[in-house]
There are 4 protein chains.
Amino acid sequence: MATGIPLQIGMIGLGRMGADPARRLMRDGHRCVVNDLDRDAVRALEQEGATPALSLQECVDKLEPPRNVWLMLPAGAVQPMLDQLVTLLDADDTVIDGGNSYYRDDIVPARQLARHGIHFVDCGTSGGVWGLERGYCLMIGGDDKAVQRLDPVFRTIAPGTGTAEPTPSRTRTEDAGLRARTVDAETAPLRDPDAYQYEIDVAEVAEVWRRGSVVSSWLVDLVADAFARSPALDDFAGRVSDSGEGRWTVHAAIDESVPAPVISAALGQRYESRDLGTFTAKALSAMRSEFGGHAEKKE
Amino acid sequence: MATGIPLQIGMIGLGRMGADPARRLMRDGHRCVVNDLDRDAVRALEQEGATPALSLQECVDKLEPPRNVWLMLPAGAVQPMLDQLVTLLDADDTVIDGGNSYYRDDIVPARQLARHGIHFVDCGTSGGVWGLERGYCLMIGGDDKAVQRLDPVFRTIAPGTGTAEPTPSRTRTEDAGLRARTVDAETAPLRDPDAYQYEIDVAEVAEVWRRGSVVSSWLVDLVADAFARSPALDDFAGRVSDSGEGRWTVHAAIDESVPAPVISAALGQRYESRDLGTFTAKALSAMRSEFGGHAEKKE
Amino acid sequence: MATGIPLQIGMIGLGRMGADPARRLMRDGHRCVVNDLDRDAVRALEQEGATPALSLQECVDKLEPPRNVWLMLPAGAVQPMLDQLVTLLDADDTVIDGGNSYYRDDIVPARQLARHGIHFVDCGTSGGVWGLERGYCLMIGGDDKAVQRLDPVFRTIAPGTGTAEPTPSRTRTEDAGLRARTVDAETAPLRDPDAYQYEIDVAEVAEVWRRGSVVSSWLVDLVADAFARSPALDDFAGRVSDSGEGRWTVHAAIDESVPAPVISAALGQRYESRDLGTFTAKALSAMRSEFGGHAEKKE
Amino acid sequence: MATGIPLQIGMIGLGRMGADPARRLMRDGHRCVVNDLDRDAVRALEQEGATPALSLQECVDKLEPPRNVWLMLPAGAVQPMLDQLVTLLDADDTVIDGGNSYYRDDIVPARQLARHGIHFVDCGTSGGVWGLERGYCLMIGGDDKAVQRLDPVFRTIAPGTGTAEPTPSRTRTEDAGLRARTVDAETAPLRDPDAYQYEIDVAEVAEVWRRGSVVSSWLVDLVADAFARSPALDDFAGRVSDSGEGRWTVHAAIDESVPAPVISAALGQRYESRDLGTFTAKALSAMRSEFGGHAEKKE
């Protein structure tokens, strides 16, 4: 019995990251058409109830429109696959990129598919080899229509609501795992503005990370709660105290000749947050003024 | 009397970084046609012997072919200027970008100009407000023909050979400041390979930095000597000792709550160079293996 | 009903970190004699069932020998308190320092008390304001006799065994939270060897941190499992791969001018773990050889 | 002919760092009594004009009171040597520690010798194997009487005044290399206050480093000038701009998988200096408030 309406999904790429989500979908009542270059991988999933597709054409043919094609491929294989799919799919079909690809590399394909009326959803998937049981943490971006249509699929793949207690100060009711960022077709022509066009809702991100992600932890729970109470953290000035443990750890690491650059950097940031690095910064500004006539910006 | 054959240069951009190189060129017998949006800046240089040009067209008209046009503009103004120049210049003319622009942003213009037969030279210029007297450190990239033709100009702008004693172990005789990297027209279509197509000759770079750059120092002199003796530093395994001062400095910084992230990082690297961070790295590999089934690469 | 035999504890210091452990002890059937400079704090705990003591002498008098005195004081107040207690306590009594003090500062007091036959237990206590309900993560060091005698107290204050599932690969049966490091009376006369005399059992530390500590997380669970399987992590060489997310994050932080020194350092360590920093290290060794005649150590 | 009045110096330790200063002293007319466990080292200096001493007693006997004994020993050998010397020297004699020892480790010996009326001078010596010709950078600490008496020796060992041009904005006339910090006999009983009792005159330190130190460079010259103009750098707010090179370097290092933690940290500090890390710091403060009830300090 599916969490919502059962859907049909084409799953392309049945490696470590693709086979288990397919299994999780089928367990929850969805139907999967599966494809991989490795025929044994296809047969294994067939044994578990999936519809096999030995070619891309066959996979597309076996899906009922509007089709949902989920890619779980190495980053380098995504663009060649899209170049093929764009010739096989129809308008209103959807491609989901669930692999570990650079989000910037999804902006161009989104436009390429949009020109053919095909939806594109970028769905970062975290959860590792434990996701089959624990569920996966999904970071979903795409246009609203496609994301809403896929809602039952995302609900199945994401962890159950019981996996983490609700954040105490949280009042929103939508499931953060299903929130979509709209890919805006209207973007500045420059590469950089393009890559930074999104307003990240950090409170929602923290909430998503609580469930199924590899970084889920009690501290993330607490940060999610703080964000839920005040997204801009207005109660704080950002002057972080340090109560000794960090200092002692770095002292010990130095004495024992153990590199501890991450903790050292974290400790330095606490000092910096309390404006204890200002004299050093003044010396740098002075140096820049001397060699280059660089005036210090006043704001 | 010029260091070599006197040349004629069009200098566009007469701000802090453009006016002084023009002066240095004129002092050494070269002729400058100068242009800037600020007419007062043009008039000031005219007083000192430059030929004024109040428009880009006028600047190009006053230069004898093959023309040399040197840009000293803010990074954001370079591409719009090139778009204009490409319509005004002729084949075999040369554009030199002497401003502080990202080298990647010079790769595309180089091709744009090449399609019109116009040479492009990327000439990183360091030396700050002291360059008029000290000379400038030049990092020159471009096709051989253009670079060789401009040799007398580069010799004038760079510091005199007397400004730093020869590196003891150095046997090459060419002046490092004038070495050119060839911009290869034959490049892979991808952005990354494109950006990393060059083989950097670090010994030559160290030698260039000794003369006129803001980082010139005794330690750079010593490193240049080491590279001159063995460019691959074959005598060393890269196990860097530390004799105490770094540790004591970081201990003191911690105790006095002064952020010292750069020295801390440098100290950590020394430990790391002696393989003292291996256990930490094993723990990371183990963690990745646990959550993602990531096998550790063996090489 | 106490987790084990009910004991009597003198709790000195009833601030944020002292009152709640006293409450947790009383809830589990232990008896507390409580003391604080703030009489209201003493009265509040008296209302909840504690025996009040308005002076140190009264506190000691109301405890039955052998006494257990638990200090929950600011780091700076510990040594003056010990100087008083050493005149009031008898041989075989025990002092527990549960506050947030530098472990090095516990080595000298341990010897001071030992000269009077008084046991000293250093008990790092993590858990913050949530410890009353969640239980506290305890890192316990001291001589075996005292630690074993206090076992029922530690069991009460630590989280219940149900708070984290057992580490899958763990075969030891003792509760890691109760493991004691013996303070060795036989130490080198130098300050440094003294501070680094202990062999840390990292597998046990990871296990302790899983329960009640503020850093408890799924990743700590996984690391604890890896250590339980192989304490020296023999299956790994320490060559940590990176699959892109770290790089992309640092690229984005740079582009948006956000300081991200901790993630940057972590990324650099992955490169370093794969020996990608060797050339840099060679350059440092070469420089040191040039200026100081420092020969590079071969191992 | 000595730079000032010729003095007699006992030089103990004739290794890489001791033999050359002795030579430099003798070249300038001072007389040296030399001692080392290695008799060949003693004989070699004898050939060059030094008075040999094959035992510590002989060394002390051959020096005319008030004696000056300069130690150039490994850090670990200093304290045992002082324990012997304190039994052989007389009141008003002076011991100079010129080796590479932790300054904290000189505070206790200074008091030990002071109890016998013996002066102690801590003289950090930088210059490496090039010091014989270049002169050494000396960082001198000790009581005024001893430092003034040794003035001619320090003038000989330090670089000549012609080695670096005067700092333009500098108006003080004393030679920075000879400035002494007084060791204050009146110190707090705690280790930390003791170690941090000195007010460092950073302008003088920068000036000293310009001459003979391994870090001498044009940038140090510029910083010395800025400090000479305003020791507190009052003209600057400490908001350091970045003009692109640092960002581009870190981007390239990431893309090529080269660890560049020092430049990365330096870049992050520039962002931090412009308060671009405040949101991160707020998140940390929020997290600390959640788990520990830690209120953020307001100043």
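Chain A appears in an unreviewed UniProt entry as Phosphogluconate dehydrogenase (NAD(+)-dependent, decarboxylating) from Streptomyces gamaensis. The UniProt entry for chain A carries the following comment under Sequence similarities (unreviewed entry): "Belongs to the 6-phosphogluconate dehydrogenase family."

Here the focus is the interface of chain D and chain A. Counting residues at the interface gives 42 residues for chain D and 42 residues for chain A. In terms of surface lost to chain A, no three residues of chain D exceed F236(D), R288(D) and E290(D), which account for 17% of the buried area on that side. Joining chain D to chain A, the criterion identifies two salt bridges. The salt bridge involving R229(A) is made with E290(D); its shortest N-O contact spans 2.7 Å. For the side of chain D that touches chain A, the secondary structure elements donating two or more residues are α11 (218–229), α13 (261–273) and α14 (278–292) of chain D. With 13 residues, α14(D) is the largest single contributor of residues to the side of chain D that touches chain A. Here the residues of the side of chain D that touches chain A are counted per class, giving 20 nonpolar, eight polar and 14 charged.

With an RMSD of 0.1 Å, the operation that places chain D on chain A is a rotation of 180° combined with a shift of 0.0 Å along the axis. Read as a symmetry element, the transformation amounts to a two-fold axis. Taking the C-alpha atom as reference, chain D places E272(D) closest to the rotation axis, 3.7 Å from it. Comparing interface residues between copies, 100% of those in chain D also sit at the interface in chain A, which points to an isologous, same-surface contact.

Our next topic: the interface of chain C and chain D. Contacts between the two partners involve 29 residues from chain C, matched on the other side by 29 residues from chain D. Taken together, the two surfaces of chain C and chain D that pack against each other cover about 2400 Å², and 57% of this comes from carbon and sulfur. Sorting the residues of chain C by area buried against chain D places H251(C), I254(C) and P259(C) first, and these three jointly supply 24% of that buried surface. At the boundary of chain C with chain D, the tally comes to zero salt bridges. Between chain C and chain D we count 11 residue pairs in polar contact (both at pLDDT 80 or more) in total. Of all the elements in the fold, those that place two or more residues in the side of chain C that touches chain D are α12 (245–255), α13 (261–273) and α14 (278–292) of chain C. Tallying contributions element by element places α12(C) first for the side of chain C that touches chain D, with six residues. Of the residues assigned to the side of chain C that touches chain D, the class counts are 12 nonpolar, 10 polar and seven charged.

Residues P65(B) and P66(B) are joined by a peptide bond in cis, for which omega reads -5°. One can find P66(B) in the loop between α3 (56–62) and β4 (68–71). If you check the backbone angles, D92(A) has positive phi at about 80° while not being a glycine. Inspection of the secondary structure assignment puts D92(A) in the loop between α4 (75–88) and β5 (94–97). Judged by its relative accessible area of 25%, D92(A) falls in the partly exposed class.

This paragraph deals with the relation of the copies chain C and chain D. For the pair chain C and chain D, the best superposition has an RMSD of 0.0 Å and corresponds to a rotation of 180° with a translation of 0.0 Å parallel to the axis. Interface overlap between copies: 100% of the residues of chain C at the interface are likewise at the interface in chain D, consistent with a symmetric, same-surface contact.

Moving on to helix α14 (residues 278–292) of chain A. Over its 15 residues, α14(A) extends 21 Å from the first C-alpha to the last, a length consistent with the 21 Å expected when each residue adds 1.5 Å. Those residues of α14(A) that sit buried are A281(A), K282(A), A283(A), S285(A), A286(A), M287(A), R288(A), E290(A), F291(A) and G292(A). As for α14(A), its buried residues are in contact with α11 and α13 of chain D. Once α14(A) ends, the next one or two residues include G293(A), with phi positive near 65°.

Moving on to empty space enclosed by the protein. On inspection of all chains with the given rule, the structure shows 19 cavities of 30 Å³ or more. There is about 140 Å³ of room inside the largest cavity. Taken together, P261(A), S264(A), A265(A), P261(B), S264(B), A265(B), P261(C), S264(C), A265(C), P261(D), S264(D) and A265(D) form the lining of the largest cavity. Only α13 (261–273) of chain A, α13 (261–273) of chain B, α13 of chain C together with α13 of chain D provide two or more residues apiece to the lining of the largest cavity. Each residue belonging to the lining of the largest cavity can be placed in one class, and the counts come to eight nonpolar, four polar and no charged.

So, on to the sheet that holds strand β1 (residues 8–12) of chain D. All names here are of chain D. Across the sheet, which stays open at both edges, the seven strands sit in the order β3-β2-β1-β4-β5-β6-β7 with mixed pairing between neighbours. Across the chains shown, the open sheet's two edge strands, defined by having one partner strand only, are β3 (51–52) and β7 (137–142). Across four bridges, strand β4 (residues 68–71) lies against strand β5 (residues 94–97) in parallel orientation. The residue of β5 that forms the bridge with N68 is T94. Contacts between helix α1 (residues 19–27) and the sheet are confined to β1 and β2 (31–35), with β1 contributing the most and set at about 165° to the helix.

In this structure, S217(B) sits in the loop between α10 (202–210) and α11 (218–229). Residue class for S217(B) comes out buried when judged on its relative accessible area of 15%. In terms of polar contacts, S217(B) uses its side chain to reach the backbone amide nitrogen of L219(B), at 3.3 Å. Of note is the side chain of S217(B), whose polar atom sits 3.1 Å from the backbone nitrogen of V220(B). The contacts of S217(B), once residues within four sequence positions are left out, are S216(D) and S217(D).

Another point: the UniProt feature "domain: 6-phosphogluconate dehydrogenase NADP-binding" (unreviewed entry) in chain A. Mapped onto the present numbering, the UniProt feature "domain: 6-phosphogluconate dehydrogenase NADP-binding" (unreviewed entry) falls at residues 8–158 of chain A. Overall, residues 8–158 of chain A shows 44% helix and 23% strand. The separation of its end C-alpha atoms is 17 Å.

Further remarks concern helix α2 (residues 39–47) of chain C. Residues and elements named next belong to chain C. Along α2, the positions that sit buried rather than exposed are A41, V42 and L45. Each buried residue of α2 sits inside an arc of 100° when the element is viewed along its axis, so together they form one side. Turned more than 90 degrees away from the buried face of α2, the exposed residues are D40 and Q47. On its buried side, α2 packs onto α1 (19–27), β2 (31–35) and β3 (51–52).

This part covers the packing of aromatic side chains. According to the stated counting rule, one finds 20 aromatic pairs over all chains in the structure shown. Considering the side-chain rings of W218(A) and W130(C), the 5.8 Å spacing of their centres and the 90° angle between planes classify their relative orientation as edge-to-face. Of the two residues, W218(A) is situated in helix α11 (residues 218–229) and W130(C) in the loop between β6 (119–126) and α6 (131–134); the pairing between them involves two chains. Residue W218(A) is classed as buried on the basis of its relative accessible area, which comes to 10%. Among the residues examined, W130(C) registers a relative accessible area of 35% and is labelled partly exposed. Look at F279(B) and F227(C): their rings are 5.9 Å apart centre to centre, the planes differ by 25°, and that puts the pair in the stacked class.

Reading the values: rules and limits
Residues numbered from 1 in each chain as written. Chains lettered and ligands numbered in written order. Predicted model: local features only at pLDDT ≥ 70, side-chain atom pairs only at ≥ 80, totals over all residues. Heavy atoms only, no water. UniProt positions renumbered as here; feature names shortened; annotations may be inferred. Contact = heavy atoms within 4.5 Å. Buried area = accessible area lost by both parts, 1.4 Å probe. Salt bridge = Lys/Arg side-chain N within 4 Å of Asp/Glu carboxyl O. Helix = DSSP H or I, 4+ residues; strand = E, 2+ residues; numbered from the N terminus. Nonpolar A, V, L, I, M, F, W, Y, C, P; charged D, E, K, R; others polar. Least-squares fit on C-alpha atoms with pLDDT ≥ 70 in both. Polar contact = N/O pair within 3.5 Å; in protein donor to acceptor, adjacent residues only side chain to side chain. Buried < 20%, exposed > 50% of the residue type's maximum accessible area, 1.4 Å probe, protein only. Expected span 1.5 Å × (residues − 1). 1 Å grid on protein atoms, 1.4 Å probe; cavity = no way out; pocket = protein on both sides within 12 Å on 5 of 7 lines; lining within 4 Å. Points joined across faces, edges and corners; volume = space filled by probe spheres on them. Pairing = 2+ DSSP bridges. Axes fitted to C-alpha atoms, helices over the stretch in contact; angles between N-to-C directions. Arc of directions from axis to C-beta. Phe/Tyr/Trp six-rings, centres within 6.5 Å; stacked < 30°, edge-to-face > 60°.

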